[in-house]
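# Structural characterization, general
Below, each chain spelled out in residue letters.
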Amino acid sequence: MFGAAGCTRRRRGQALETAIIEAVLVLLREVGYEAVTMEGIAARARTGKAALYRRWASKADLVVDVLQRCLAPMDAPPDRGNVRDDLIAVLRRLAAVVNSPAGCAIPTMTTRDRAFVELVAERVVVPQQRMLVEVLRRGIERGEVRPELPLALVAEVGPSMLLKRALADGPPVRDGFVVSIVDDLLLPMIR
């Protein structure tokens, strides 16, 4: 990629963003969130810090954006006709994230960075919890879920179990474990 003067051509647009995303994921796995810096990301992506700051206000904003880009969309809850299949579908989506390159970096993301924690909650945790609450609400409407169920609290159980397994044993989280969370834990809890 050399021009007539022998200089490396600048990457722009999607090529640059891809390099930045890859740099973030590699650095998260190698050194953990706390040790990742904008300088390190820029060096790894072979760009300048200014290119990062034009797109993201902070390291927290950049890392959360990378995580969001790697996630399966959490805006449309599945509707397979019954609460069991819907819960399994949602938890499989989450397991796929945990098993992905971005998810493999999860164990390194323990931090006291309040901005990062708040962004993860707002952009990652709340949308998946909303989807699970919607699945449970539809289950109530179909008579499969008891109406007095504390939906928000129950919606935390499956993802918490997935995350605990990923942190304790590392990825991959196996599909049998996902099905077991639903069949052995959630279904007895919600009926």
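Look up a bit, the structure's there.
All values reported here derive from a predicted model rather than from experimental measurement. (Residues numbered from 1 in each chain as written. Predicted model: local features only at pLDDT ≥ 70, side-chain atom pairs only at ≥ 80, totals over all residues. Heavy atoms only, no water.)

This paragraph deals with the packing of helix 7 (residues 151-169) against helix 8 (residues 175-190). At a minimum axis separation of 11 Å, helix 7 and helix 8 run at an interaxial angle of 150 degrees. Taken together, the axes of helix 7 and helix 8 are roughly antiparallel relative to one another. Of the two elements, helix 7 crosses helix 8, and the hand of that crossing is right-handed. Facing helix 7, whose interface residues are V154, V157, G158, M161, L162 and R165, helix 8 presents F177, V178, I181, L185, L186, M189 and I190. In the contact of helix 7 with helix 8, the residues fall into 11 nonpolar, one polar and one charged. (Axes fitted to C-alpha atoms, helices over the stretch in contact; angles between N-to-C directions. Helix = DSSP H or I, 4+ residues; strand = E, 2+ residues; numbered from the N terminus. Parallel < 35°, antiparallel > 145°, perpendicular 65-115°, else oblique. Left-handed = near helix turned anticlockwise from the far one by under 90°. Contact = heavy atoms within 4.5 Å. Nonpolar A, V, L, I, M, F, W, Y, C, P; charged D, E, K, R; others polar.)

Residues M38, I41, A42 and A45 constitute the buried set of helix 2 (residues 38-45). For helix 2, the arc enclosing every buried residue in end-on projection is 100 degrees, short of the 170-degree limit, so these residues lie on one face. For helix 2, the secondary structure elements touched by its buried residues are helix 1 (13-31), helix 3 (49-55) and helix 4 (59-70). (Buried < 20%, exposed > 50% of the residue type's maximum accessible area, 1.4 Å probe, protein only. Arc of directions from axis to C-beta.)

Turning our attention to the pattern of salt bridges. Tallying each qualifying case throughout the model produces 16 salt bridges. One salt bridge connects D85 with R84, and the closest N-O pair in it is separated by 3.4 Å. Accessibility expressed as a relative area gives 29% for R84, which makes it partly exposed. A salt bridge links D86 to R142, with the nearest nitrogen and oxygen atoms 3.3 Å apart. Of this pair, D86 sits in helix 5 (residues 83-99) while R142 sits in the loop between helix 6 (114-141) and helix 7, and the two are 56 residues apart along the sequence. Judged by relative accessible area, D86 falls into the buried class, the value being 0%. A single salt-bridge network, built from bridges that share partners, covers D79, D86, R138, R142 and E144. (Salt bridge = Lys/Arg side-chain N within 4 Å of Asp/Glu carboxyl O.)

What follows is about the environment of Y53. Of note, Y53 is situated in helix 3. Each C-alpha atom, one on Y53 and one on M38, is 8.6 Å from the other, the two residues being 15 residues apart in sequence.

The next point concerns the nonpolar core. Counting residues in hydrophobic clusters, the biggest one holds 31 residues, and the most contacted among them are I20, V24, I41, L52, L62, V63 and F116. Secondary-structure elements contributing two or more residues to this core are helix 1, helix 2, helix 3, helix 4 and helix 6. Here this core takes nine residues from helix 1, the largest share from any one element. Ignoring anything within four residues of it in the chain, the contact list for I41 reads I20, A23, V24, L27, V36, L52 and L62. Core analysis: the next-biggest nonpolar cluster, separate from the first, contains 29 residues, V90, L151, A155 and F177 among them. (Core = buried A, V, L, I, M, F, W, Y, C linked by side-chain atoms within 4.5 Å.)

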